[in-house]
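# Structure assessment
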Amino acid sequence: MALSERQVALLRSLGLPEDFSRLSGDGCDDLLDALIEEIQTRGLAGDGSELSEYGRLVDSVALELTRSPNY
């Protein structure tokens, strides 16, 4: 599963990288932590009844990070 164009745009809008292949293991952890913190800070997680677009972004990023060669 690759990130959609919208998910890449969301990462960019948050100032986060979208190319995970060049991240170290620590870089992958840092990216996921930064994304989760950004979502919590901005209250972007939705109402809990279903994942918001940002919640789906976290899930997609987590999945793609596990495919990164250095994770």
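This text goes with the structure placed above it.
Every value quoted in this text rests on a predicted model; they were computed, and no experiment measured them.

Among the residues of helix H1 (residues 5-13), those classed as buried are Gln7, Val8, Leu10 and Leu11. Around the axis of H1, the buried residues are gathered within 160° of arc, so they sit on the same side. Seen from the buried face of H1, the exposed residues on the opposite side, beyond 90 degrees, are Glu5, Arg12 and Ser13. Just downstream of H1, Gly15 is the residue with a positive phi angle, here 75°.

Our next topic: helix H3 (residues 53-66). Spanning 14 residues, H3 covers 20 Å between terminal C-alpha atoms, matching the ideal 20 Å at 1.5 Å per step. Taken residue by residue, H3 has Gly55, Leu57, Val58, Ser60, Val61, Glu64 and Leu65 as its buried positions.

Moving on, we come to the nonpolar core. If you look at the biggest cluster of nonpolar residues, it comprises 17 residues, and the most contacted ones within it are Leu11, Phe20, Leu31, Leu35, Val61 and Leu65. For this core, the secondary-structure elements that each account for two or more residues are H1, helix H2 (25-42) and H3. Top contributing element to this core by residue count: H2, with five residues. Excluding residues that lie within four positions of it along the chain, Leu31 makes contacts with Leu16, Pro17, Phe20, Leu23, Val61 and Leu65.

A complete count under the given rule lists two salt bridges for this structure. The shortest N-O distance in the salt bridge between Arg12 and Glu18 comes to 3.0 Å. A relative accessible area of 54% means that Arg12 is categorised as exposed. The partly exposed category is assigned to Glu18, whose relative accessible area is 30%. When the shortest N-O distance is used, the salt bridge between Arg22 and Asp19 registers 3.6 Å. The exposure class of Arg22 is exposed, given its relative accessible area of 74%.

Below, the discussion takes up the packing of H1 against H3. For any two helices packed against each other, the geometry comes down to the angle between their axes and how far apart the axes lie. The geometry of H1 relative to H3 is characterised by a closest axis approach of 10 Å and an angle of 95° between their N-to-C directions. Between H1 and H3, the angle falls in the class roughly perpendicular. Along the contact surface, H1 presents Arg6, Gln7, Leu10 and Leu11, while H3 presents Glu53, Tyr54, Arg56, Leu57, Ser60 and Val61. Counted by class, the contact of H1 with H3 contains five nonpolar, two polar and three charged residues.

Rules of the game
- Residues numbered from 1 in each chain as written.
- Predicted model: local features only at pLDDT ≥ 70, side-chain atom pairs only at ≥ 80, totals over all residues.
- Heavy atoms only, no water.
- Buried < 20%, exposed > 50% of the residue type's maximum accessible area, 1.4 Å probe, protein only.
- Helix = DSSP H or I, 4+ residues; strand = E, 2+ residues; numbered from the N terminus.
- Arc of directions from axis to C-beta.
- Expected span 1.5 Å × (residues − 1).
- Core = buried A, V, L, I, M, F, W, Y, C linked by side-chain atoms within 4.5 Å.
- Contact = heavy atoms within 4.5 Å.
- Salt bridge = Lys/Arg side-chain N within 4 Å of Asp/Glu carboxyl O.
- Axes fitted to C-alpha atoms, helices over the stretch in contact; angles between N-to-C directions.
- Parallel < 35°, antiparallel > 145°, perpendicular 65-115°, else oblique.
- Nonpolar A, V, L, I, M, F, W, Y, C, P; charged D, E, K, R; others polar.

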